[in-house]
Every structure is written in structure tokens, then in C-alpha cells.
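Architecture at a glance
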Amino acid sequence: MTQNVIEVNGVSKAFGGVQANKDISLTVPDGKITGLIGPNGSGKTTLFNSIVGYHPIDEGSIRFEGREISKLRVQQIARLGLLRTFQQTRIFKNMNCVENMLIAVPHRKMTMLDMFDRANPEEMERAEMLLEFVGLYSKRKLTAGSLSFGQQKLLEFAMALMNEPKVLLLDEPTAGINPTLINGLIDRLKKANSEFGITLLIIEHNMRVIMNMADTIYCLAHGKMLASGTPEDIQNDQRVIDAYLGA
Ligand code: ADP
């Protein structure tokens, strides 16, 4: 039986008078790809931020591998193996790809000089293997700022993989990426799931992408859970269609 790695139960979160999430429940099964969709402002990012400990929740519970994590801080949650990426890339543009990969490992408490002098050979090997995995090996010595936006997203994805996450929360991984690069990115995400066994929870606006990738999709509207089901269920759900049409 598939276990749920994340269990969100009755979560609510308000910002002043804005009820960003109201009584949200969802589960993320181990080893699967779960999608989170909904119109702008429906509460997707707020839910991500709550799961990774970016802000406290007002009500409800969030479990990771059966353990309550809603009172833990971001770094504590990251150490358990639950990581997120952001819509905007967070790379160091003046550093090369390998350096970005090495700096992505947060347990390092060294200075930059220490880092590159004493780069642990296993980490270096892992960095190069993952750059190969995302198709950036030949660009490993180039500064991250010289890469295209899509390549920067791939680098950021590889940086997240440096931490060997069990679960990765991806916030609009294909946003702003040239359509010709999107298929390559989808392939890499699917492979990270199938070959490295990383469970994925993905916010995605591109319906073609999420319908093609996810095993299960949850749809939020106005801060509440509107619908959930297989991509086929969701595509044919009149409530979802109405929400997107603003009905
Ligand atoms: P989505 O990711 O689906 O676009 P968000 O979670 O970003 O939705 O936003 C849900 C609602 O919460 C919106 O009305 C947004 O303006 C509000 N909101 C989100 N974060 C904050 C914040 N830090 N302060 C005030 N309001 C916020």
C-alpha cells in the first residue's frame, strides 16, 4: 500500500483580513507526482509556504512521514528531506554552475574559500553527475548568469537535488521557459521521480504539463479545496472549468 509522505489536514491561514487558505486537506503519496492547480490568488503558494514552515498556520495539522511538522522551522523541515523551489530562480549569477551546486548544500558552515579548496570529492562528483543529469555538464564552468532562463531553472532544480530531498515542492517549474525546453524539463522531473524516487508536489499553470505529469491533481479556488482526482477527472470537472473561466 502506498504511504502518504505529506498529510495536510484542515489547514487554514489568513493574512490580516485575507483568508488565503481555508480548511485545506490533501495527501501526497510516496513516490508519486501530485499536482496543485488553481487560478491566481487561490492560495497555492500560501499552502506551499505553510508546508515548508515558511510561516505558522492558524489551524490544522501538517504531517511529514507521520510526524507533525507545522511547528518546525524551515531549516528543520529541510533537514527532514522536504524542500521547495521558487518561481524566481535563486542562483548566484556570478558563480559558475559547479560552485552553485556546492553552495546549495545548506549543512556547510564553511567560508567560500574553504568550500572550493576543500570541496569534498563525493559532493563534487555528485554535483557533476547532477549537472550531467539536467544536461548542463558542458556548461559547468560557465557563470550561471550566462545561462538562458530555462537553463537557470534546470540548474536550480539540480541544486535542489544536491540535498537528496525525499520530497520536492516545485513552484511553477515551467514558468517563463521557452516551449522547446519545456519537454526536456518535464522529462528530467519525471526521471527524478522514477529513477531517484523523489516524490513531487507541483504547482503548475501550464495545464498540458500538469495533466501529462501528475498522478493526482488538487484544485484550489478562493483559498478552498475545490476538487481533486486524476488528470482526466479534473479536466472534465465543471467546477474546475468554471473556476478558471471566473464563473
Ligand atoms: P496563488 O499562489 O494561488 O496565486 P497565494 O497563496 O499567493 O495564491 O495568495 C492567496 C491570497 O493570499 C491572495 O489573496 C494573496 O494576495 C494573499 N496573500 C498571500 N501571501 C500574503 C501575504 N504575505 N500577506 C498578505 N496577503 C497575502
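Fair warning: this is a prediction, and the values are worked out from it, not measured in the lab. (Residues numbered from 1 in each chain as written. Predicted model: local features only at pLDDT ≥ 70, side-chain atom pairs only at ≥ 80, totals over all residues.)

**Description of the sheet that holds strand β3 (residues 33-37)**
Two orientations exist for strands paired in a sheet by backbone hydrogen bonds: parallel and antiparallel. One open sheet accounts for 6 strands, arranged β6-β7-β8-β3-β9-β10; its pairing is mixed. Each of the sheet's edge strands pairs with one partner strand only, and the pair in question is β6 (82-84) and β10 (224-229). Sheet twist, expressed as the average angle between the axes of neighbouring strands with direction ignored, equals 20°. As paired strands, strand β7 (residues 167-171) and strand β8 (residues 199-203) are joined by 5 bridges and run parallel to one another. Considered in β8, the bridge of L170 is made with I202. On top of the sheet, helix α10 (residues 238-245) reaches β9 (216-221) and β10; it is set at about 130° to β10, its chief contact. (Pairing = 2+ DSSP bridges. Helix = DSSP H or I, 4+ residues; strand = E, 2+ residues; numbered from the N terminus. Axes fitted to C-alpha atoms, helices over the stretch in contact; angles between N-to-C directions. Contact = placed C-beta atoms within 7 Å.)

**Overview of the site of the ligand**
In the vicinity of the ligand, the contacting residues are F15, V18, A20, G38, N40, G41, S42, G43, K44, T45 and T46. Sorting elements by how many residues they give to the shell around the ligand places helix α1 (residues 44-51) first, with 3 residues. Considering only residue class, the shell around the ligand consists of 3 nonpolar, 7 polar and 1 charged. (Near = placed C-beta within 6 Å. Nonpolar A, V, L, I, M, F, W, Y, C, P; charged D, E, K, R; others polar.)

**Observations regarding the nonpolar core**
Counting 61 residues, the largest nonpolar core has M101, A158 and I202 as the members making the most contacts within it. Ranked by the residues each element gives to this core, the list is headed by helix α6 (residues 149-162), at 7 residues. Summarising the domain contributions, this core has at least three residues from each of domain 1 (1-81 + 165-247) and domain 2 (88-163). Not counting the four nearest positions on each side in its chain, A158 is found in contact with M101, L130, L131, F133, V134 and L136. (Core = buried A, V, L, I, M, F, W, Y, C linked by C-beta atoms within 7 Å. Buried ≥ 20, exposed ≤ 12 C-beta atoms within 10 Å, placed from the backbone. Domains from an automatic or database assignment.)

**Regarding the pairing of strand β2 (residues 18-29)**
Examined bridge by bridge, strand β1 (residues 4-15) and β2 share 8 bridges and lie antiparallel to one another. The residue bridging I6 from the neighbouring strand is V28, located in β2. Counting the residues in the hairpin turn of β1 and β2 gives 2 residues, including G16, whose phi is positive at 55°.

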